[in-house]
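# Descriptive structure summary
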Amino acid sequence: MNKFFGFLEKRLLPPLNKVANTKVVRGIMNASLAAVPFTIVASIFLILNNLPTIFPFAATFFQNTLLRFSAFYSIGNTMALGTIAIYYSLAIGYYYIEEYRKAGEEKLNAFTGSILSLFAFLMTIPSIIWKNGAAVGVSTKVVENSGSVNGLALANGWITRFGGVGIFISIIMGILAVQVYRFCVNRNLTIKMPEGVPAGVSRSFASLIPLVLVAFLVIIIVSVLGFLGTDIHALLSAPFGFVKYLTGSWLGMVIILLLIHLLWIVGVHGTAIIKNSFINPILLVALTENINGSHNIFAGDFINMWVFLGGAGGTLGLALLMNFAAKSKQLKILGHTAIIPAIFNINEPIIFGAPIVYNPYLIIPFLVNPIVSASLAYFAIKIGIVGVVNTAIAWVLPVGVGAWLGTGGNIPAVILAFINLALSIVIYYPFFRMYDQKLLAEEKD
């Protein structure tokens with residue numbers, strides 16, 4: 001066991017920690033967290049439209065009352081989730097610059113980075129190609145009629161690029177814009193105004209040269225791709241689709257969960273490093289596709305609905321065992337303290353109080369339980385027993401509630417959540433029992 005912990009500390013933790021602490025990854029992670037409220041707000045309005053499904057006995061009532069106003073309140077969903085890439089673009093520019101400011105580059109302005117990022121992203125939205133000796137803009141009308149122009153997959157027009165499918169591009173263009181801005185500032189390639197000029201005016205002129213350079217750089221990229229009959233969205237759709245496929249496969253999901261929990265057992269916040277930094281943008285794209293009728297299994301808050309019941313490791317079952325089956329005073333007291341946070345998926349008291357970190361008695365179920373829970377949920381959705389995730393939820397929702405709301409009122413999803421909770425109790429019990437007896441014997445000595 002000491003060799004196992006040593007391997008994690010020397011081989012797994014350093015490279016992952018190094019990557020997770022890079023400025024670009026931290027910027028993406030913070031941008032991802034900043035976008036979460038928009039997905040939740042969008043889902044609130046989406047839930048209203050799903051009320052007839054959630055409460056079928058009152059479907060006629062909702063059809064004749066609330067849903068008559070659907071066109072009005074659905075604007076909240078459309079403009080929150082349908083333009084999520086815009087929020088990502090602003091957030092990545094802001095938080096990426098903030099990382100450099102913390103590192104000492106205080107001349108940089110986060111708001112300037114934010115608007116430059118948005119500008120760069122917006123320049124990629126129109127699709128322009130070279131046709132019959134001239135640059136031609138691919139109009140939304142043409143795309144809607146034909147479904148594809150010169151290999152450009154824009155079936156619903158440019159507007160779809162502001163949604164989840166544009167997140168990946170917004171991140172790339174945000175990184176590009178920030179680096180151009182840094183280059184200009186660090187080499188004094190900015191217009192400096194005399195003293196006494198208001199700060200807002202000075203900032204606006206200071207961003208002029210970076211703005212011009214960003215514009216020319218994106219135009220060059222767009223032009224080269226246009227001559228090839230494509231654009232950056234179409235070009236990157238294939239590799240991003242491949243990455244999404246890997247993360248959405250059963251094996252990819254298992255590897256993600258193993259990495260998260262291997263980091264946790266050595267005391268590192270695996271959820272923040274793996275899920276929040278790398279996986280959340282992909283899960284969000286899959287969620288937006290599901291809202292539009294797709295069948296992505298590993299999407300949205302899949303993990304929080306069926307795996308992280310009580311937090312990472314699915315430790316709500318362990319908290320219940322501590323409360324109702326523990327003999328040792330240590331686990332009894334910890335169980336009473338941890339049960340309320342665990343109901344709302346907060347389990348730091350258990351992870352560091354039991355502890356699970358570096359604990360050979362509890363790390364096995366801590367690693368196995370999420371794999372079992374996730375696999376059961378994955379195949380239940382795959383064969384059609386449980387509905388797909390089609391609504392964003394708050395991660396603190398208690399077991400069953402999140403699954404119910406996240407699937408638009410799918411009852412089998414709720415049943416699955418409680419089955420996974422019961423399985424977690426079964427998986428944790430023999431290891432909990434051994435650990436409890438050990439602590440009890442120590443207390444008697």
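Rules behind the numbers
- Residues numbered from 1 in each chain as written.
- Predicted model: local features only at pLDDT ≥ 70, side-chain atom pairs only at ≥ 80, totals over all residues.
- Heavy atoms only, no water.
- Helix = DSSP H or I, 4+ residues; strand = E, 2+ residues; numbered from the N terminus.
- Contact = heavy atoms within 4.5 Å.
- Patch = residues over 30% accessible without salt bridge, like charges linked within 9 Å, V, L, I, M, F, W, Y side chains within 5 Å.
- Areas by Shrake-Rupley, 256 points an atom, 1.4 Å probe, with all protein chains shown as cover.
- Salt bridge = Lys/Arg side-chain N within 4 Å of Asp/Glu carboxyl O.
- Axes fitted to C-alpha atoms, helices over the stretch in contact; angles between N-to-C directions.
- Parallel < 35°, antiparallel > 145°, perpendicular 65-115°, else oblique.
- Left-handed = near helix turned anticlockwise from the far one by under 90°.
- Nonpolar A, V, L, I, M, F, W, Y, C, P; charged D, E, K, R; others polar.
- pLDDT = per-residue confidence, 0-100.
- Buried < 20%, exposed > 50% of the residue type's maximum accessible area, 1.4 Å probe, protein only.
- Core = buried A, V, L, I, M, F, W, Y, C linked by side-chain atoms within 4.5 Å.

Right, let's get into the environment of Ile-346. In this fold, Ile-346 is placed in the loop between α17 (329–343) and α18 (348–353). The spacing of Ile-346 and Phe-308 is 38 residues in sequence and 9.4 Å in space, taken between C-alpha atoms. If we skip the residues at most four places from it in the chain, Ile-346 touches Gly-310, Pro-341 and Trp-395.

Right, let's get into a nonpolar patch on the surface. Nonpolar side chains collect at one region of the surface, where Phe-183, Leu-189, Ile-191, Phe-205, Leu-208, Ile-209, Val-212, Leu-213 and Phe-216 lie side by side and expose about 700 Å² of accessible area between them. With five residues, the top contributor of residues to the nonpolar patch is helix α11 (residues 208–227). Secondary-structure assignment places Ile-191 in the loop between α9 (167–186) and α10 (199–206).

For the rest of this paragraph, the subject is the packing of helix α7 (residues 110–122) against α11. Contact geometry for α7 and α11: axes closest at 10 Å, N-to-C directions at 25 degrees. The orientation of α7 with respect to α11, classified from their angle, is roughly parallel. Note on packing geometry: the crossing formed by α7 with α11 is right-handed. Here Leu-116, Phe-119 and Ala-120 of α7 lie close against α11, whose contacting residues are Pro-210, Leu-211, Val-214, Ala-215 and Val-218. The residue makeup of the contact of α7 with α11, split by class, is eight nonpolar, no polar and no charged.

Counting all residues, the mean pLDDT for the chain is 84, and 89% of those residues have values of 70 or more. Predicted confidence is poor over residues 140–156, with pLDDT under 50, and the contacts of this stretch with residues over four places away or in other chains come to 28 contacts.

Moving on, we come to the side chain of Thr-288. Looking at where Thr-288 falls in the secondary structure, it is placed in helix α14 (residues 270–291). In this view, Thr-288 contacts Leu-81 and Gly-164; residues no more than four positions away in its chain are not counted.

What follows is about the pattern of salt bridges. Enumeration according to the criterion identifies six salt bridges in this entry. We note a salt bridge from Lys-102 to Glu-99, for which the minimum N-O separation is 3.8 Å. Residue Lys-102 and its partner Glu-99 are located together in helix α6 (residues 84–102), separated by three residues, close to a single helical turn. For Lys-102, a relative accessible area of 63% corresponds to the exposed category. A cluster of three or more residues bridged by salt bridges with shared partners is formed by Arg-26, Glu-99 and Lys-102.

With that settled, consider the nonpolar core. A general trend in soluble globular proteins is that nonpolar side chains are found buried together. Phe-302 and Trp-306 are the most contacted members of the largest nonpolar core, which totals 113 residues. Sort the elements by how many residues they give to this core and α9 lands first, with 10 residues. Sequence-distant contacts of Trp-306, defined by excluding residues within four places in its chain, comprise Ser-373, Ala-377, Ile-381, Val-386, Gly-387, Val-389, Ala-403, Thr-407, Ala-413, Leu-416, Ala-417 and Asn-420.

Attention shifts here to unusual backbone geometry. With an omega of -15 degrees, the peptide bond between Ala-354 and Pro-355 qualifies as cis. Mapped onto the elements of the fold, Pro-355 is located in the loop between α18 and α19 (363–382). We note that Asn-188 has phi near 55 degrees; this positive angle belongs to a residue other than glycine. Checked against the element boundaries, Asn-188 lands in the loop between α9 and α10. Residues other than glycine seldom take positive phi values, yet Asn-345 does so here, at roughly 65 degrees. In this structure, Asn-345 sits in the loop between α17 and α18. Under the relative-accessibility criterion, Asn-345 is labelled buried at 9%.

What follows is about the packing of α9 against α11. The geometry of α9 relative to α11 is characterised by a closest axis approach of 9 Å and an angle of 135 degrees between their N-to-C directions. Relative to α11, the element α9 is oriented oblique. You can see that α9 and α11 cross each other, and the crossing is right-handed. In contact with Met-173, Leu-176, Ala-177, Val-180, Tyr-181 and Cys-184 of α9, α11 contributes Ile-209, Pro-210, Leu-213, Val-214, Leu-217, Val-218 and Ile-221. The residue makeup of the contact of α9 with α11, split by class, is 13 nonpolar, no polar and no charged.

This next bit is on the environment of Val-357. You can see Val-357 is positioned in the loop between α18 and α19. Residues Val-357 and Gly-267 lie 90 residues apart in sequence; the distance between their C-alpha atoms is 5.6 Å. For Val-357, the residues in contact, after removing those within four places along its chain, are Trp-264, Ile-265, Val-266, Gly-267, Ile-351 and Phe-352.

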